[in-house]
Structure formats: C-alpha cells, structure tokens
Amino acid sequence: MLKKPIFSYLIFLIVICLTSCQTINKKNRTPFRINSSYYQPWVMSEKERGIDIVLRINCLQKGIEFDSIVFNGVKLPAFITKEKSDLIIKSILPIGLSRIRIGSEVTGERDQLIYRIKGERKTYLLINLERKETKSYPKLMKIK
C-alpha cells in the first residue's frame, strides 16, 4: 500500500525538478552558440612568439556586441570577421619581444568571452578551449 503513494510522490518531485530546470535554462541561455573554440601557439623567431585565440560562433541573436576575450588571465580585444554563416572572433596574445601591439590588461580572471547585449555586460566562460599544435612560421627571406 505504501508503494503507490511513494511512487506518486517521486514522480511529482521529478516533474517539478525537470520543469524548474527548463525555466532556469531558458533564463540563462546564451544568445549565440560557439561551434568551436581553440588556441594555437605560434613562433616567428626565438624572441617573437604568441598565441591565437579563435572562436567560431553561429545562431547569433541581433543586438550583441563582442568586446573582448580573457585568456590566461589577460583581457584582449576581440577582432570579428564574418565567414559564410559563422562569425569568427579572434584575439592574439603576444609573448616576448613581439612587433604586435595589442592593448591588453592583466585581470586574473578565467578564460571567457565578454559581450554586451542591450548595453548590459555579460560573460561566457570558455571551458572547452582546445589546444592546437604550435605553428612555426619560416624565417623571412632577406631580399638582396
């Protein structure tokens, strides 16, 4: 006799839990989808190195402005290009004596994408950044 009320109570709790999770997910849903995200170290010379951070985004809602990327605790500007139906967001973290000058700020924050929607600043944690193999650029040939 006790099995029916307990079973009914469990079903009721499961239904409540599932509906409340759906409500939370609707509130916290991001207005875009990241298809792929990776970082790729590169080397130009012994003294000039860096890391490219690349995010490929689609399913983008209107009114979003991408501001910057935080990578390894450094806030870097976001450079945006369009490629077919995707938006590509890139940034560069120069290391060593690089000729690349990018305004950066040490924040100590976790890896994240910073964006604005309707003027409100929001962040999206980049927890699945894939590391790609280091890219080496051949030394530039001197023209005589």
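Please refer to the structure higher up on the page.
Not measured: the values here are computed from a predicted model. (Residues numbered from 1 in each chain as written. Predicted model: local features only at pLDDT ≥ 70, side-chain atom pairs only at ≥ 80, totals over all residues. Heavy atoms only, no water.)

## Overview of the overall build of the protein
Helix and strand content of the protein: one helix and eleven strands. Walking the protein from its N terminus toward its C terminus, one meets helices and strands in the order α-β-β-β-β-β-β-β-β-β-β-β. Residues classed as buried in the protein amount to 29% of the 144 residues present. Pairs at least 24 apart in sequence give 62% of the contacts found in the protein among residues at least 6 apart. For the protein, the exposed area adds up to about 11100 Å²; of that, 57% sits on carbon and sulfur atoms. (Helix = DSSP H or I, 4+ residues; strand = E, 2+ residues; numbered from the N terminus. Buried < 20%, exposed > 50% of the residue type's maximum accessible area, 1.4 Å probe, protein only. Contact = heavy atoms within 4.5 Å. Areas by Shrake-Rupley, 256 points an atom, 1.4 Å probe, with all protein chains shown as cover.)

## Focus: the pattern of salt bridges
Here the structure, examined in full by the defined rule, presents three salt bridges. Here glutamate 83 and arginine 56 are joined by a salt bridge, their closest N and O atoms 2.9 Å apart. Here arginine 56 lies in strand 2 (residues 48–58) and glutamate 83 lies in strand 5 (residues 79–83), a separation of 27 residues in the sequence. Glutamate 120 is paired through a salt bridge with lysine 122; the nearest N and O atoms lie 3.9 Å apart. Taken together, the salt bridges that share partners define one network made up of Arg56, Glu83 and Asp86. (Salt bridge = Lys/Arg side-chain N within 4 Å of Asp/Glu carboxyl O.)

## Some details on the side chain of serine 91
Looking at the secondary structure, you find serine 91 in strand 6 (residues 86–96). Here the side chain of serine 91 touches proline 77 through a polar contact of 2.6 Å, landing on its backbone oxygen. Beyond its immediate sequence surroundings of up to four residues, serine 91 is in contact with Ile51, Asp52, Ile53, Ile69, Leu76, Pro77 and Phe79. (Polar contact = N/O pair within 3.5 Å; in protein donor to acceptor, adjacent residues only side chain to side chain.)

## A word on the nonpolar core
Ranked by internal contacts, the top residues of the largest apolar core, which has 22 residues, are Phe32, Ile53, Ile57, Phe66, Phe71, Ile89 and Leu113. Leaving out residues up to four positions away in the same chain, isoleucine 89 has contacts with Ile53, Val54, Leu55, Ile57, Phe66, Ile69, Ala78, Phe79, Ile80 and Leu113. (Core = buried A, V, L, I, M, F, W, Y, C linked by side-chain atoms within 4.5 Å.)

## Remarks on the packing of aromatic side chains
As enumerated under the stated definition, the model contains five aromatic pairs in all. A ring pair is formed by phenylalanine 32 and phenylalanine 66, whose centres lie 5.4 Å apart and whose planes are at 70 degrees; its orientation type is edge-to-face. Here the residue phenylalanine 32 occupies a position in the loop between helix 1 (3–28) and strand 1 (33–43), and phenylalanine 66 occupies one in strand 3 (residues 64–71), the gap between them amounting to 34 residues. Like phenylalanine 32, the residue phenylalanine 66 is buried in the burial classification. What links up through ring pairs into an aromatic cluster is the set Phe32, Phe66, Tyr115 and Tyr124. The ring of tyrosine 38 is capped by lysine 132, whose NZ or CZ atom sits 4.2 Å from the centre of that ring. (Phe/Tyr/Trp six-rings, centres within 6.5 Å; stacked < 30°, edge-to-face > 60°. Lys NZ or Arg CZ within 6 Å of the ring centre and 35° of its normal.)

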